[in-house]
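Read off the chains here:
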Amino acid sequence: MKIHNVVPGSAEWLQLRTGYRTASEAPAMMAAPKYQRRTALLHQKHTGRSPEVDGCTQKLFDRGHKTEAEARA
């Protein structure tokens, strides 16, 4: 495992997620998804295009970012 010290949501973070497999994608890679199917992840990695984020999904992201920030403190 390699740890990258980037700020979630930053340009560097987005570039990292585009070019590498990240921990949040592990469930989809193992075909045990909660939020994303493996075929959708493979398509996203192949094309470089991510699906649009709706309001409900953005709330999940915001909650996750808040939890991660609290865990780092």
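No experiment lies behind these values; they were computed from the predicted model shown.

### Describing the pattern of salt bridges
Per the counting criterion, the structure on display carries two salt bridges. The salt bridge partner of E25 is K45, with a shortest N-O separation of 3.1 Å. Placement of the pair is E25 in the loop between α1 (11–19) and α2 (26–29) and K45 in helix α3 (residues 38–47), with a sequence separation of 20 residues. Judged by its relative accessible area of 2%, E25 falls in the buried class. Using a relative accessible area of 27% as the deciding quantity, one classes K45 as partly exposed. Across the salt bridge formed by E70 and K66, the nearest N and O atoms sit 3.3 Å from each other. Taken together, the residues span about one helical turn, with E70 and K66 both in helix α4 (residues 55–72) at a distance of four residues. On the accessibility criterion, K66 (54% relative accessible area) is exposed.

### Considering the layout of surface pockets
Each pocket or cavity is described by its volume, and for the largest pocket that value is around 1,700 Å³. If you go around the largest pocket, you meet 41 residues; those closest to its centre are W13, R17, T22, S24 and F61. Looking at the lining of the largest pocket, the elements that each hand over two or more residues are α1, α2, α3 and α4. Ranked by the residues each element gives to the lining of the largest pocket, the list is headed by α4, at eight residues. For the lining of the largest pocket, a count of residues per class yields 18 nonpolar, 12 polar and 11 charged.

### So, the environment of G19
In this fold, G19 is placed in helix α1. By relative accessible area, which is 56% here, G19 ends up exposed. On a C-alpha basis, the gap between G19 and Q58 in space is 22 Å, while along the polypeptide they are 39 residues apart.

Definitions and cut-offs
For every chain, the first residue of the written sequence is number 1, and numbering continues from 1 onward in sequence order. Local features in a predicted model are, by the rule used here, given only for residues with pLDDT of at least 70; side-chain atom pairs are given and counted only at 80 or more, and totals for whole chains, interfaces and linings are based on all residues. Based on all heavy atoms of the structure, the side-chain values leave hydrogens and waters out of the count. The working definition used for a salt bridge is a side-chain nitrogen of Lys or Arg within 4 Å of a carboxyl oxygen of Asp or Glu. Helix and strand assignments follow DSSP, with helices taken as H or I runs no shorter than four residues and strands as E runs no shorter than two, numbered in order from the N terminus. Buried means the residue's accessible area, taken with a 1.4 Å probe over protein chains only, is under 20% of the maximum for its type, while exposed means over 50%, and partly exposed covers the values in between. The method works on a 1 Å grid over the protein atoms by themselves. A cavity is a set of points holding a 1.4 Å probe that cannot get out, a pocket is an open set with protein on both sides within 12 Å along at least five of seven lines, and residues with an atom within 4 Å of a point line them. Grid points are joined across faces, edges and corners, and a volume is the space filled by probe spheres set on the points. Residues were grouped as follows: Ala, Val, Leu, Ile, Met, Phe, Trp, Tyr, Cys and Pro as nonpolar; Asp, Glu, Lys and Arg as charged; and all remaining residues, including Gly, as polar.

All we've got here are geometric facts, nothing functional implied.
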